[in-house]
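Breakdown of the fold
Residue strings, one per chain:
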Amino acid sequence: MMFIALSARSDLHYSGDIQELLKDDESSLDMYARQAGFVNEWRRKSRHRLLEALAFLLFLCFARFLVYLRLPMSTHYDLVLSSAFCVGAIGMVAVAYLQLHIFSGLELAIDSFSVNFFRDMDFQNALAEWNVLQALLRHVSSKLSASLLVLGFSAGASVLYLIGHAFVRNDVESGFPFILQNLWALPPSIIFLYTVMRAAAVTEKVTRVSPLVNSWDFAEMSEVGSEETEEWMNLGRQYLVQYINQSEAGFYMQGVRIRIFQVTKMCYYLGAVLFA
C-alpha cells in the first residue's frame, strides 16, 4: 500500500509536467532536454548525425551517376531523370536526418534519467520521472512512426525495382555492368535500415534501465525510526523494477515495438535478395 500511495502521489505531482510536455507537438522533446540539461550534448550528437546524412546523400547521388558509365551517350531525358532522383534523394535524406536527430534526443533522455537518479537514489522522484519519460517516448514515437513508415515504403520500392529489373527484363546486362547501372537502388534501403536501427537502439536502451535500477541501493527506505533493518530484498527497488518493465516503454512504429532483432531480420532478407 505504501508503494501504491507513493505512485499515486508521484502521478499527481507530475501530471502537470506531462500535460505541459505533450500539449505542444513540436517542442515537447526540446522542453524535456532543457529541463534535464542535455541540450548541448544533443546538439553535438545532432552534428554527427548531420554528417552521416550528408554522407548518405553523396552516396545516393554518386551511385545514380554511375549509370552514365554504361551509357554510350547521355541524353536530355537521362539528365532529367538523374536530377529528379537527386531532388528526391535530398528529401529522403532530410527526413532521415530529422528522425536521427530526434532518436539521439530520446537516447540522451534515457541516459539522463539513469545518471540523475543513480546519483540521487530517490525512489519517489525516479518513479515520477519515469512516468514523464515513458509518456514522452510514446508521444514522440506516435508522431514519427508515419514518416518512418513512408521511408520504409520508399526503400521497399527501390528493392522491388531492383528485383523487377533483374528477373523480369531479359535485356539487362549481368555481372559488374549490372551493378554499376543499378547500384543507386540500394542506398535507400541502407538509409532506412540504419534509421530503424537507431529507433531500435532507443528501445534497447530502455530495456537496460531496469537492470541498472535493480543494482540501486535505496538504503533510506529500509530505515525504521533510528534503526536500519536488514532486508534480503528491497521491496521499493523491486517495485520500481517491475513498474519499468511493465510500462513497456520504447519506440513504437504503428503500435509495434521496434527491437534490434527485427532490424537484423530485415538485413538478412535484404542480403538474401541481393545475393539472389
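Source: prediction; values computed, not measured. (Residues numbered from 1 in each chain as written. Predicted model: local features only at pLDDT ≥ 70, side-chain atom pairs only at ≥ 80, totals over all residues. Heavy atoms only, no water.)

1. Digging into the overall build of the protein chain
As a reminder of what qualifies: By definition, any uninterrupted DSSP run of H or I lasting at least four residues is a helix, any uninterrupted run of E lasting at least two residues is a strand, and each is numbered from the N terminus. Accessible areas in this description were obtained via Shrake-Rupley with a 1.4 Å probe; residue shielding takes into account the shown protein chains only.
Check the secondary structure of the protein chain and you find 10 helices and 4 strands. Reading the protein chain from its N terminus to its C terminus gives the helix and strand order α-α-α-α-α-α-α-α-β-β-α-β-β-α. Put simply, the protein chain shows about 15,100 Å² of open surface, and 63% of that area lies on carbon and sulfur atoms.

2. Considering the confidence of the model for the protein chain
The criterion, for reference: pLDDT gives the predictor's per-residue confidence on a scale running from 0 to 100. A contact between two residues is defined here by any heavy atoms of the two lying within 4.5 Å.
Mean pLDDT over the protein chain: 77, with 73% of residues reaching 70 or higher. Here residues 1–16 is a poorly scored stretch, pLDDT under 50, and it has 22 contacts once near neighbours within four places are set aside; other chains count. Below a pLDDT of 50 lies the segment residues 220–230, which in the model reaches 12 contacts outside its immediate sequence neighbourhood of four places, other chains included.

3. Focus on the side chain of Lys205
Using the following cut-off: Two N or O atoms count as a polar contact when they lie within 3.5 Å, although within protein this holds only if one can serve as hydrogen donor and the other as acceptor, and sequence-adjacent residues are included solely when both atoms are side-chain atoms.
Within the secondary structure layout, Lys205 lies in helix α7 (residues 187–207). One polar contact links Lys205 to Glu107, side chain to side chain, over a distance of 3.5 Å. Leaving out residues up to four positions away in the same chain, Lys205 has contacts with Glu107, Ile110 and Asp111.

4. Here we look at the packing of α7 against helix α10 (residues 260–275)
Basically, it comes down to this: Here an angle of 0 to 180 degrees is reported between the N-to-C directions of two axes, which are lines fitted to C-alpha atoms, with helices fitted over the stretch in contact. Our angle categories are set so that under 35 degrees counts as roughly parallel, over 145 as roughly antiparallel, 65 to 115 as roughly perpendicular, and the remainder as oblique. By the definition used in this description, the sense in which the near helix is turned from the far one sets the handedness, with an anticlockwise turn below a right angle giving left-handed and a clockwise turn giving right-handed. Here the nonpolar group is Ala, Val, Leu, Ile, Met, Phe, Trp, Tyr, Cys and Pro; Asp, Glu, Lys and Arg are the charged ones; every other residue, Gly included, is treated as polar.
Running from amino to carboxyl end, α7 crosses α10 at an angle of 160°, the nearest separation of the two axes being 8 Å. As judged from the angle between their axes, α7 and α10 are roughly antiparallel. When you trace α7 past α10, the crossing you get is left-handed. Between α7 and α10, the residues in contact are Ser189, Phe192, Leu193, Val196, Met197, Ala200 and Glu204 and Ile260, Val263, Met266, Cys267 and Leu270, respectively. A breakdown of the residues in the contact of α7 with α10 according to their chemical character gives 10 nonpolar, 1 polar and 1 charged.

5. A short note on the packing of helix α3 (residues 39–65) against α7
Between α3 and α7, the shortest axis-to-axis distance is 10 Å and the interhelical angle comes to 160°. In terms of orientation, α3 lies roughly antiparallel with respect to α7. Read as a crossing pair, α3 and α7 show a hand that is right-handed. On the side of α3, the interface is formed by Arg49, Glu52, Phe56, Phe59, Leu60 and Ala63, while α7 contributes Pro187, Pro188, Ile190, Ile191, Tyr194 and Arg198. Looking at side-chain class alone, the contact of α3 with α7 contains 9 nonpolar, no polar and 3 charged residues.

6. Section: the packing of aromatic side chains
In this description, an aromatic ring pair is defined by two values, namely the gap between the centres and the angle between the planes. Put simply, the test is: Aromatic pairs are defined between Phe, Tyr and Trp rings, using the six-membered ring for Trp, whenever the two ring centres lie within 6.5 Å; interplanar angles under 30 degrees are classed as stacked, those over 60 as edge-to-face, and all others as tilted. Note on classification: 1.4 Å probe, protein chains only; a residue is buried when its accessible area is under 20% of the maximum for its type, exposed when over 50%, partly exposed between these limits.
A full pass over the atoms with the stated rule returns 5 aromatic pairs. Both rings, one in Tyr32 and one in Phe38, keep their centres 6.3 Å apart while their planes meet at 55°; by these two values the pair is tilted. The class for Tyr32 is buried, based on a relative accessible area of 3%. Phe38 sits in the buried class, given a relative accessible area of 7%. Ring geometry for Phe113 and Trp130: centres 5.2 Å apart, planes at 55°, overall tilted. Residue Phe113 is located in helix α4 (residues 76–120), and its partner Trp130 is located in helix α5 (residues 123–167); the two are separated by 17 residues in the primary sequence. Trp130 shares its class with Phe113; the two are buried. Members of the aromatic cluster, joined through ring pairs, are Tyr32, Phe38 and Trp42.

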